[in-house]
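Residue-level structure breakdown
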Amino acid sequence: MKTTKNIMIVGVGGQGTLLTSRILGRLATAAGYDVKLSEVHGMAQRGGSVVTFVRYGEKVAEPIVEVGQADVLIAFERLEALRYLHYLQKDGVVVVNDLRIDPITVVTGAAEYPDDIIGTLRKARRTIAVPATEEAKKLGAPRTFNVVVLGAAARHMGFAKEDWIRVIEATVPPKTVEINKKAFETGYALSV
Amino acid sequence: MSETKILLGNEAIARGAYEAGVKVSSAYPGTPSTEVSETLAKYSEVYAEWAPNEKVATEVALGASVAGVRSMCAMKHVGVNVAADPLYTAAYTGVRGGMVLVAADDPGMYSSQNEQDTRMIARAAMLPVIEPSDSAEAKEFMKFAYDFSEKYDTPVILRTTTRLSHSQGPVKLEPRQERPDIPYEKDIAKYVMMPGNAIKRHVVVEERLKRMAEDANTLPINRVEYGDLSVGFITSGIAYQYVKEAMPNASVLKLGLLNPLPRKLIEGFASKVEKLYIFEELEPVIEEQVKSWGITKAVGKELFTRQGEYSANLLRERVLGEKISADAPAKVPARPPILCPGCPHRSVFTALKRLKLHATGDIGCYTLGAVAPLGVIETTVCMGSGISMLHGMEKAKGKDYIRNWVAVIGDSTFMHTGINSLMNMAYNQSTATVVILDNSITAMTGHQDHPATGKTLKGETVPAIDPAAICRAMNIKNVCVVNSLDQAELQEALKRETAREELSVIIARSPCALLKGVKFPNKCVTVQDACRKCGACLQPGCPALTKKADGTIQIDEVMCNGCGLCMQLCRFGAIKMKKAGE
């Protein structure tokens with residue numbers, strides 16, 4: 001691994017981007033790295049664009065990821081993947097939940113939701129699109145879709161699967177440990 | 001044994017206060033400062049409370065300090081303005097137990113109405129300001145700040161910024177140092193700031209400032225890291241990290257104390273490096289002083305901006321002349337902040353819009369009533385301002401002019417400073433209509449309690465203060481409480497009260513849709529055949545509603561909270577309520 005690994009997690013307010021970044025932060029700390037995380041809360045509790053940065057390595061100074069520097073872009077919604085795509089290195093990978101949430105600008109007709117976002121992403125960067133929302137519904141736990149996406153992205157962050165499982169066990173509420181482990185395994189299997 | 005944990009900057013600040021033996025904390029929530037108080041409240045050794053506003057919080061902390069214990073108050077930068085009255089004089093009285101005011105600035109204005117720099121206020125108030133640059137330092141500097149406060153007999157401002165408050169990094173946890181209370185001692189000359197005493201204290205303040213400035217030259221939190229001498233940076237806070245990221249070999253003078261500045265240390269550093277950059281976010285607080293000492297080679301705002309956040313890329317671009325290339329961002333529709341599905345404010349704004357009423361607004365979730373598609377809030381300045389501004393409009397333009405205006409304010413904001421503004425309206429015979437949007441919580445910062453919720457920061461149940469009773473106690477005759485989610489009741493009340501030539505208060509009440517314990521048992525669904533594609537249900541801008549390709553409406557079942565607003569707007573009975581899960 002090169003000195004510092006830059007991960008971005010983006011989504012829509014309420015999708016669990018903050019919790020997901022904390023799981024990754026704990027994992028990197030447990031592995032002995034210096035870690036910095038940074039989150040951007042907008043004004044709204046729900047529905048706005050949310051971005052979090054996770055950086056880990058020998059010694060990390062800046063808590064944010066700069067444009068063109070991200071190794072992995074994890075997106076919980078298609079449009080948000082496209083919005084932050086320019087943060088990704090040329091050989092970076094985007095792991096995207098194949099989900100559409102219309103922003104209010106689209107609902108009111110002021111803007112249009114772009115067609116074939118996954119196609120656009122694929123042309124620009126290596127793209128792994130996963131139907132995480134569908135898979136989480138199949139598990140009977142629609143809210144765990146973020147862990148499904150994380151599972152799909154896990155192969156690109158240089159940690160062993162067992163370590164991921166261990167940190168999920170330690171981070172999520174005790175009652176939801178089993179379902180979150182299942183969600184992670186589902187995502188992990190999807191990204192082969 | 002010490003344990004290392006990943007902590008938010010704010011959590012680390014709270015940990016620092018805890019370890020320093022703080023016993024009393026008072027604060028008003030505001031992004032990005034809120035988590036400091038929420039974290040500190042979890043320690044049973046600390047009494048922590050939400051105050052109705054920052055002035056009160058500062059006075060509580062000062063009282064605790066005078067009584068001989070270490071105390072804290074916390075607020076966002078705009079809150080420091082509210083606190084300014086006691087703060088400037090607290091600089092005169094000094095402290096007894098150490099006192100720290102945590103102020104969180106917001107470069108980039110992620111959640112604020114302006115971009116002010118607390119270091120300017122610290123200078124004006126002649127108070128020391130200390131600035132950490134990551135979570136680990138945040139904790140250490142808090143402990144340092146308490147020792148410093150007691151050593152120099154002064155309140156200390158610990159300044160943080162959004163990027164620091166909301167970043168996480170490893171912090172080594174250490175045990176709390178329990179401190180015996182300093183016995184109270186009557187000292188009228190020090191604590192009663194009537195002119196005769198204050199004149200003498202002003203001298204003390206100036207002498208203290210000189211002493212601190214001298215000592216600052218050898219203070220451990222002001223640190224020189226010599227490297228490549230051809231280029232040097234004077235920097236502080238999060239900006240230091242950007243220097244280390246972009247130019248790790250450059251020489252750096254990292255300032256931990258930002259007021260007063262260490263002149264000898266700075267002059268020494270400046271003489272050793274060839275090129276000198278002052279890299280500080282927001283205002284040129286270091287730069288102007290450094291230049292005033294005749295260090296003319298210093299380069300600051302000529303190169304770097306006074307606006308927004310800095311970054312390592314900014315340095316690379318401006319100092320190294322590197323062109324930062326990245327693909328142009330794709331053209332992507334904006335995803336602006338919106339009111340949540342089921343938010344009771346959306347219903348009130350819809351009623352205002354349908355009645356073609358204008359509104360002076362305030363700070364809170366309901367500020368979002370200014371954005372499309374609602375667009376009914378026409379002013380937002382600071383906490384409490386909506387009510388006083390409408391009063392000003394009436395006095396300027398007359399009673400008739402404001403008949404189609406209302407002031408809107410939230411329940412927490414009403415308790416903060418709205419109460420004073422309403423008192424002014426009652427006293428000075430306003431005839432306007434004030435709508436208190438009572439969702440029973442401080443919602444925007446993430447659900448903090450306040451005097452009208454019946455819960456304290458520590459989670460204890462207490463008698464709630466009733467806003468309606470307060471209004472009546474002001475001799476306001478027309479006070480009514482309506483259900484925010486009932487359009488007919490709302491519109492009727494708005495029509496009735498705005499027509500009146502008397503001051504009225506409408507309390508539109510319905511809990512925040514995200515509040516724990518608020519259950520929406522129903523979901524809204526469209527009856528496709530009955531939909532006439534008129535779009536009336538889309539007007540309030542609920543994110544759960546989307547238009548299908550054929551023009552009919554679809555309601556997202558996961559998002560919908562079943563508030564029924566869209567159903568009340570549909571004239572064709574095309575939206576029905578069903579039990580969730582059916």
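Heads up: these notes are all about the structure in this document. Keep in mind that what you see is a predicted model, and the values were worked out from it rather than measured.

**Thoughts on the overall build of chain B**
A count of helical and extended segments in chain B gives 19 helices and 24 strands. Expected size for 582 residues packed as a compact globule is a radius of gyration near 25 Å; at 27 Å, chain B falls within 12% of this value. Each of the 582 residues in chain B was classed as buried or not, and the buried ones make up 60%. Positive and negative charge centroids in chain B, built from 68 and 65 side chains respectively, lie 4 Å apart.

**So, the overall build of chain A**
Looking only at helices and strands, one finds eight helices and six strands in chain A. Secondary structure elements of chain A, listed N to C terminal, follow the sequence β-α-β-β-β-α-β-α-α-β-α-α-α-α. Whereas a compact globule of 192 residues would reach a radius of gyration of roughly 16 Å, chain A reaches 16 Å, a difference of no more than 12%. Scored against the burial criterion, the 192 residues of chain A give a buried share of 63%.

**Observations regarding a nonpolar patch on the surface**
All names here are of chain B. Taken together, the side chains of Ile188, Val192 and Met194 make up a nonpolar region of the molecular surface, amounting to roughly 250 Å² of accessible area. Along the polypeptide, isoleucine 188 turns up in helix α8 (residues 188-191). What makes isoleucine 188 partly exposed here is its relative accessible area of 44%.

**Concerning the environment of B:Leu357**
All names here are of chain B. Within the secondary structure, leucine 357 is located in the loop between α14 (344-354) and β15 (358-360). Look at leucine 357 and you get buried, because its relative accessible area is 9%. Taking C-alpha positions, leucine 357 is 7.1 Å from valine 406, a pair spaced 49 residues apart along the chain. Ignoring any residue separated from it by four or fewer positions in sequence, one finds leucine 357 in contact with Leu352, Arg403, Asn404, Trp405, Val406, Leu494 and Thr498.

**Things to note about helix α18 (residues 487-499) of chain B**
All names here are of chain B. The end-to-end C-alpha separation of α18 is 18 Å, in line with the 18 Å expected for 13 residues at 1.5 Å each. Residues Gln487, Leu490, Gln491, Ala493, Leu494, Glu497 and Thr498 constitute the buried set of α18. Buried residues along α18 cover an arc of 160 degrees about the axis, so they all sit on one side. Relative to its buried face, α18 has exposed residues pointing more than 90 degrees away, namely Ala488, Lys495 and Ala499.

**Concerning the sheet that holds strand β10 (residues 228-236) of chain B**
Residues and elements named next belong to chain B. Pairing is mixed in the open sheet, where five strands are placed in the order β9-β11-β10-β13-β14. Two strands close off the open sheet at either side, each with one partner strand: β9 (223-225) and β14 (298-299). Two strands pair when backbone bridges link them, and strand β13 (residues 275-279) and β14 are joined in this way by two bridges, in the parallel orientation. Directly across from tyrosine 277, in β14, lies its bridge partner valine 299. Across the sheet, helix α12 (residues 285-292) lies against β10, β11 (250-255), β13 and β14, angled at about 140 degrees from β13, the strand it touches most.

What counts and what doesn't
- Residues numbered from 1 in each chain as written.
- Chains lettered and ligands numbered in written order.
- Predicted model: local features only at pLDDT ≥ 70, side-chain atom pairs only at ≥ 80, totals over all residues.
- Heavy atoms only, no water.
- Helix = DSSP H or I, 4+ residues; strand = E, 2+ residues; numbered from the N terminus.
- Rg over C-alpha atoms; globule rule 2.2 N^0.38 Å.
- Buried < 20%, exposed > 50% of the residue type's maximum accessible area, 1.4 Å probe, protein only.
- Lys, Arg positive; Asp, Glu negative; His and termini not counted.
- Charge placed at Lys NZ, Arg CZ, Asp CG, Glu CD.
- Patch = residues over 30% accessible without salt bridge, like charges linked within 9 Å, V, L, I, M, F, W, Y side chains within 5 Å.
- Areas by Shrake-Rupley, 256 points an atom, 1.4 Å probe, with all protein chains shown as cover.
- Salt bridge = Lys/Arg side-chain N within 4 Å of Asp/Glu carboxyl O.
- Contact = heavy atoms within 4.5 Å.
- Expected span 1.5 Å × (residues − 1).
- Arc of directions from axis to C-beta.
- Pairing = 2+ DSSP bridges.
- Axes fitted to C-alpha atoms, helices over the stretch in contact; angles between N-to-C directions.

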